[in-house]
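Okay, here's what each chain looks like letter by letter:
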Amino acid sequence: MTVAVVFDSAGTLLNTYRVAKDISRQVLMPGIETTTLTFASLERVLIIIPVHSKHIITASPDMLLSAYLLENKVGFGISCTRKITTADEIGDMLYADKRALVGDLQECIRDVWGICRCETMLTLNSGAILNMAHRSIEFTVTAGGWPFEGAKDTITALHRMGIPTFIASGDRSTKLEIMADHLGIPRDRVYGVATPTIKAQIISDLKNEYDHVVMVGDGINDLGAFTKADTAILTVQQAGNRPGELFDAADHVIRHVRDVLPIIRTLL
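In what follows, the accompanying structure is described. (Residues numbered from 1 in each chain as written. Predicted model: local features only at pLDDT ≥ 70, side-chain atom pairs only at ≥ 80, totals over all residues. Heavy atoms only, no water.)

Now for the packing of aromatic side chains. According to the stated counting rule, one finds two aromatic pairs in the structure shown. Ring geometry for Phe 166 against Tyr 210: centres 6.2 Å apart, planes inclined by 75°, an arrangement best described as edge-to-face. Residue Phe 166 is located in strand S8 (residues 165-168), and its partner Tyr 210 is located in the loop between helix H8 (196-207) and strand S10 (212-217); the two are separated by 44 residues in the primary sequence. By relative accessible area, which is 18% here, Tyr 210 ends up buried. In this structure, Arg 189 packs its charged tip against the face of Phe 166, placed 5.5 Å from the ring centre. (Phe/Tyr/Trp six-rings, centres within 6.5 Å; stacked < 30°, edge-to-face > 60°. Helix = DSSP H or I, 4+ residues; strand = E, 2+ residues; numbered from the N terminus. Buried < 20%, exposed > 50% of the residue type's maximum accessible area, 1.4 Å probe, protein only. Lys NZ or Arg CZ within 6 Å of the ring centre and 35° of its normal.)

Another aspect to go through is empty space enclosed by the protein. This model, assessed by the stated rule, comprises one cavity of 30 Å³ or more. If you add up the space inside the largest cavity, you get close to 280 Å³. Ala 10, Arg 18, Thr 34, Ala 143 and Asp 171 are, among the 26 residues lining the largest cavity, the residues nearest its centre. Of all the secondary-structure elements, those providing two or more residues to the lining of the largest cavity are strand S2 (14-22), helix H1 (34-39), strand S4 (44-49), strand S6 (123-131) and strand S7 (136-147). Element by element, the count of residues in the lining of the largest cavity is highest for S7, at five residues. (1 Å grid on protein atoms, 1.4 Å probe; cavity = no way out; pocket = protein on both sides within 12 Å on 5 of 7 lines; lining within 4 Å. Points joined across faces, edges and corners; volume = space filled by probe spheres on them.)

Below is the structure:
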């Protein structure tokens, strides 16, 4: 029997620290789970902004974030949403926003960098949570991730067993590819800026190629992929609260990424 294993990235392969800034209250929210924050409202859309953090840090903090994105021709990727919408609708709102400043995102970046700067292998992703009902940026967000101890060894062990591994994540592709290189996952098996719907579709597509497809994830944005997978593994290595429906959908709950290995062995 052929088996493939699909991993989420942040919170699954990567120990991840996230922070959001509430624009209306001007309050920083350290250690927040951004997908849970997004799913708390049907109107929220989490986007990834594909620009290097160093470029944002050097910009004027008093500049509108929308103006910065337009001036530098910066696009966006849709990372997570429950709302059915289009990229054009999101872009129209994002580039017209008059509330969020570059300084709001800079504050998020500095907070994450202060926590993660000692890590030797680190990825930083920044973005925003838009509220489509309010037609504005509701939160700016930044996340920093570094591999869990044992993540690389787990991927290596799966490959030695002849098991192909994939990454399907809402993070931006360029950062994921760097981390995949470190972990030993081929870049053509990395799917970045994957919304919950896209993750579920990736699982469905792989089931046409493999006899058994396993999904390993840690958050509510993995729920659709869990329901499509032949085996769903929920990892709780990343601290945080998770909704009961995630546990209900999981066939296994693990506390360390290496605990995937004995489960896979039972499938062979």
